[in-house]
Amino acid sequence: MPFDVEEPVTQGTKAAFAHAGHKTQPGMRELQSSGDIRILVLDDDPATCSVIQAALSNRDFIIDVVSDPQLVESALAQPHQYHLIVLDYVLPGLEPDQVFAWIRDTQPEANIVVVTGYPSVDSALNCLRARTYDYLTKPFQVDQLREIVFRCLEGKGLLRMTEDALREALGTAIRERRKALGLTLSNMSDRTNVSLGYLSQIELGKNSASIETLYRICLALGMKMSELFQAVQRN
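Treat the numbers as computed from the prediction; the structure is a model and nothing was measured. (Residues numbered from 1 in each chain as written. Predicted model: local features only at pLDDT ≥ 70, side-chain atom pairs only at ≥ 80, totals over all residues. Heavy atoms only, no water.)

## A look at the layout of surface pockets
This is how it is decided: Only protein atoms enter the calculation, which uses a 1 Å grid: trapped sets of points that fit a 1.4 Å probe without letting it out are cavities, open sets showing protein on both sides within 12 Å along at least five of seven lines are pockets, and any residue with an atom within 4 Å of a point is a lining residue. Grid points are joined across faces, edges and corners, and a volume is the space filled by probe spheres set on the points. Segments assigned H or I by DSSP are reported as helices when at least four residues long, segments assigned E as strands when at least two residues long, and all are numbered from the N terminus. Only Asp, Glu, Lys and Arg are considered charged, only Ala, Val, Leu, Ile, Met, Phe, Trp, Tyr, Cys and Pro nonpolar, and every remaining residue, Gly among them, polar.
In this structure, the second largest pocket encloses a volume near 200 Å³. Residue lining of the second largest pocket: Phe 100, Ile 103, Arg 104, Gln 107, Pro 108, Ala 110, Asn 111, Ile 112, Arg 129, Ala 130 and Arg 131, and that is the complete set. Contributing elements (two or more residues each) for the lining of the second largest pocket: helix H4 (96-106) and strand S5 (111-116). Of all the elements, H4 adds the most residues to the lining of the second largest pocket, at three residues. In terms of residue class, the lining of the second largest pocket is built from six nonpolar, two polar and three charged.

Structure representation (structure tokens):
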């Protein structure tokens, strides 16, 4: 039975997702990496490790998984550096502060995403003090975890939008702004001195616009180019 990625991760769905296969996730079709990305998953539940590994599976991701708490320290002490660590806040026999200290000493460049089945104000504050990137409670949506991880890696400059995705995002932002102003493509053509057909192709994401053309479009829309790219980032 196909696994619904919108379903929250619970005991009943962990095994099903673990066998879902390692396919490129939808969000990754719009992003490209600047090289291999190393991710470490630390969770004492092997099923949850499998869920996370499958959710993040991508050809450019090297994902190591540790489910034995006794191996956590040695895993963090490996010579290769991790870009991201997905950490279960409660690991049997280990104190969270001790794990954070190990990460700080051995993996100083790694961002941390904490997942926990026992959320509390104290644990959330402790994670803030440890400067973790995000704090996610179980059961969580796998899409939510994926979004957090992609956003983190984008912020580190390890993932960026593909050219196709950037063209589509720019076209969407331009179209939405134009419609919000009540302008037609014909109006835009008159204001920019750019052909209607070319403007249509830009809005559909099927053609790239030169900097000069984008500047003309922004003038016609009453916005700065920086505001256009901020709109793309928000979307």
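## A few points about the nonpolar core
Put simply, the rule reads: We define a nonpolar core as any set of buried Ala, Val, Leu, Ile, Met, Phe, Trp, Tyr and Cys residues linked to one another through side-chain atoms lying within 4.5 Å. Buried means the residue's accessible area, taken with a 1.4 Å probe over protein chains only, is under 20% of the maximum for its type, while exposed means over 50%, and partly exposed covers the values in between. Contact criterion: two residues are considered in contact whenever any of their non-hydrogen atoms come within 4.5 Å of each other.
In terms of nonpolar packing, the biggest core is built from 25 residues, with Ile 39, Phe 61, Leu 84 and Leu 153 touching the most fellow members. Take this core: its biggest share by element is seven residues, from helix H6 (residues 142-155). Residues contacting Leu 84, with those up to four places away along its chain left out, are Arg 38, Ile 39, Leu 40, Ala 110, Asn 111, Ile 112, Val 113, Val 149, Cys 152 and Leu 153. Counting 20 residues, the second largest nonpolar core, distinct from the first, contains Val 72, Leu 91, Val 99 and Phe 100.

## Remarks on the packing of aromatic side chains
Note the following rule: Side-chain rings of Phe, Tyr and Trp, where Trp is taken by its six-membered ring, are said to pair if the distance between their centres is within 6.5 Å; with planes under 30 degrees apart they count as stacked, over 60 as edge-to-face, and otherwise as tilted.
Counted by the stated rule, this structure contains two aromatic pairs. Relative to Phe 150, the ring of Phe 61 has its centre 6.4 Å away and its plane inclined at 70 degrees; by these criteria the two rings are edge-to-face. Pair noted here: Phe 61 is in strand S3 (residues 61-66) and Phe 150 is in helix H6, with a separation of 89 residues, a long-range link. Ring centres of Tyr 89 and Phe 100 lie 6.4 Å apart, and the angle between their planes is 55 degrees; on these two criteria the pair is classed as tilted. Taken together, the residues span a long stretch of sequence, with Tyr 89 in the loop between strand S4 (84-88) and H4 and Phe 100 in helix H4 at a distance of 11 residues. Under the relative-accessibility criterion, Phe 100 is labelled buried at 5%.

## Comments concerning the environment of Leu 76
As for its position among the elements, Leu 76 is in helix H3 (residues 72-76). Leaving out residues up to four positions away in the same chain, Leu 76 has contacts with Leu 40, Leu 42, Ile 85, Val 99, Trp 102, Ile 103, Thr 106 and Gln 107.

## Topic: the confidence of the model for the protein
Caution applies to low-pLDDT regions: their predicted coordinates should not be interpreted in detail. This is how the line gets drawn: Per-residue confidence from the prediction method is given by pLDDT, with values spanning 0 to 100.
For the protein, per-residue confidence averages 83 on the pLDDT scale, and 82% of positions sit at 70 or higher. Between the elements of the protein, mean pLDDT differs from a low of 36, seen in helix H1 (residues 11-18), to a high of 97, seen in S4. Considering only residues more than four positions removed or in separate chains, one finds that residues 1-29, a stretch of pLDDT under 50, has 48 contacts.

## Quick notes on the pattern of salt bridges
Where we set the bar: In what follows, salt bridge is the name for a side-chain nitrogen of Lys or Arg lying within 4 Å of a carboxyl oxygen of Asp or Glu.
All told, the structure shown has eight salt bridges when counted by the stated rule. The shortest N-O distance in the salt bridge between Glu 147 and Arg 151 comes to 4.0 Å. Here the residue Glu 147 and the residue Arg 151 both occupy positions in helix H6, the gap between them amounting to four residues, near one helical turn. As a salt-bridge pair, Glu 203 and Arg 178 come within 2.7 Å of each other at their nearest N and O atoms. Separated by 25 residues along the polypeptide, Glu 203 in helix H9 (residues 196-203) and Arg 178 in helix H7 (residues 163-180) bring together distant segments of the chain. Each of the two residues, Glu 203 as well as Arg 178, counts as buried. Overlapping salt bridges bring together Asp 43, Asp 88 and Lys 138 as one network.

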